[in-house]
Amino acid sequence: MGRDQAAAAVMPEKLKLFVGVLALQFLLAGFHIVTRAALNMGISKIVFIVYRNIISLALLAPFAYFLEKKDRPPLTFSLLVEFFLLALCGITANQGFYLLGLYHLSPTYASAIQNTVPAITFVMAAVLRLEQVDLSRRHGLAKVVGTVVSIGGATVITLYKGLPLFHHNLHIESLVTLSSSSPILNWTLGCVFILGHCLSWSGWMVLQVPVLKRYPARLSVLSLTCIFGLLQFLVIAVFTEEDLSRWKVHSGGELFTILYAGLVASGVAFALQIWCIDRGGPLFTAVFQPVQTVAVAVMAAVILGDQLYTGGIIGAVLIVVGLYFVLWGKSAEKKAGNQDLAAQGGGDITRHLLGRDASAKDEEEPTDLA
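Residues numbered from 1 in each chain as written. Predicted model: local features only at pLDDT ≥ 70, side-chain atom pairs only at ≥ 80, totals over all residues. Heavy atoms only, no water.

How would you explain the overall build of the protein if you had to name every residue and give the values?
When you go through the protein residue by residue, the secondary structure sums to 14 helices and 0 strands. Mapped from its N terminus to its C terminus, the protein presents α and β elements in the order α-α-α-α-α-α-α-α-α-α-α-α-α-α. A total of 370 residues make up the protein; the buried ones form 52% of that total. Considering only contacts within the protein whose residues lie at least 6 apart along the sequence, 88% involve residues at least 24 apart. (Helix = DSSP H or I, 4+ residues; strand = E, 2+ residues; numbered from the N terminus. Buried < 20%, exposed > 50% of the residue type's maximum accessible area, 1.4 Å probe, protein only. Contact = heavy atoms within 4.5 Å.)

Right under this line is the structure:
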């Protein structure tokens, strides 16, 4: 009887976790659509990013200040330089490339290409010797194969658009004027910018590892990074947005997109992600990443009249297959190589991203700054 009661208590918890991780992916999917809608309305890219980061900082800073009072070591000049570089990579380049890419590209394929982030991070970590590459073992081979397949999928999306899958009159090009008259050029340029966004995102996660060893206060690191990123964008805005009218919110739609980006994508989604990682682990949460891409595809087709192309579908499938190879490789490595991981002394970047156990979950990186 006691065993039945325990099983009954476990099942609702698993259901809550499943609903939570799905809700997380739908909230982040909504961010792609809302951002695309903001660009369609003509809102300035810089203004959108500045307002989003102001809201994010206002949400994050109080928690960082009160919850990590005892965890924050003294700030030094070298740490401030590192925070500046983290902001340059993880805020300025990351968010800037994303908006530039989304301006030229469908939200569906922007979301699909984002699935290459674990593979790109693995490559960076391997180059910096923060990740072991053991081709003699199945998990090592799986991570390498997954990386190659993911990057190959991103290359297919970038270089091959293909034929439209549906014949309808609603196209994203009819909702916004792109900078080039050639759809292929816009497609390729958008993919290049999104790949730049993924490289910046991966680089930001790799750079966090040494910083967190010296400054083990995750929320404070994010807050300081956000401050420097906001300052960097304000400097850019001085030279690019001299017209003060561009800083005005002209409609309820524009206000909604800004609030969604700041409150939901950087607030609610961040809290929900931490809860999912706490209950299910980072690997479980990462496995559901492709759900976001599917949700974006459906939302974009219904709301924006987005068109799907054969090249994009082929590339997206390859990226998702590669993602699961990398995730499986990391999971198998964690099960078979606990002694090897302990000998590395915490330097495995992928463990920080995908494979850590719950005891180290407080150092898990968020997705909201992407």
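Would you mind going over the packing of helix 4 (residues 107–114) against helix 11 (residues 289–303) in detail, with residue names and values included?
One can describe the packing of helix 4 onto helix 11 by two numbers: an axis separation of 8 Å at closest approach and a directional angle of 175°. For the element pair helix 4 / helix 11, the angle class is roughly antiparallel. For the pair helix 4 and helix 11, the contacting residues are P107, T108, S111, A112 and Q114 in the first and Q292, T293, V296, A297 and A300 in the second. (Axes fitted to C-alpha atoms, helices over the stretch in contact; angles between N-to-C directions. Parallel < 35°, antiparallel > 145°, perpendicular 65-115°, else oblique.)

Go over the nonpolar core with me, naming the residues and quoting the values.
Among the nonpolar cores identified, the biggest contains 64 residues, and F83 and I157 are the most heavily contacted of them. With 9 residues, the next largest nonpolar core counts L17, L22, L28 and C276 among its residues. (Core = buried A, V, L, I, M, F, W, Y, C linked by side-chain atoms within 4.5 Å.)

If you had to explain the side chain of S44 to someone new, which residues and values would you point to?
Considering the arrangement of structural elements, one finds S44 in the loop between helix 1 (2–41) and helix 2 (45–67). Here the side chain of S44 touches V47 through a polar contact of 3.3 Å, landing on its backbone nitrogen. Setting aside residues up to four positions removed in sequence, S44 forms contacts with E241 and R246. (Polar contact = N/O pair within 3.5 Å; in protein donor to acceptor, adjacent residues only side chain to side chain.)

Give a detailed account of a nonpolar patch on the surface, specifying residues and quantitative values.
Nonpolar side chains collect at one region of the surface, where V133, L135, L141, V145, L165, I313, V317, V321 and F325 lie side by side and expose about 690 Å² of accessible area between them. Every element with two or more residues in the nonpolar patch is listed here: helix 6 (138–159) and helix 12 (310–336). Sorting elements by how many residues they give to the nonpolar patch places helix 12 first, with 4 residues. The exposure class of L141 is partly exposed, given its relative accessible area of 43%. (Patch = residues over 30% accessible without salt bridge, like charges linked within 9 Å, V, L, I, M, F, W, Y side chains within 5 Å. Areas by Shrake-Rupley, 256 points an atom, 1.4 Å probe, with all protein chains shown as cover. Salt bridge = Lys/Arg side-chain N within 4 Å of Asp/Glu carboxyl O.)

Account for helix 9 (residues 252–280), naming residues and giving values.
Turn by turn, an α-helix covers 3.6 residues, leaving residues three or four places apart pointing in a common direction. The sharpest bend along helix 9 reaches about 30° and sits at V264. Directly after helix 9, the chain includes G281, whose backbone phi takes a positive value near 90°. (Bend = angle between axes of the 7 residues up to and from the residue.)

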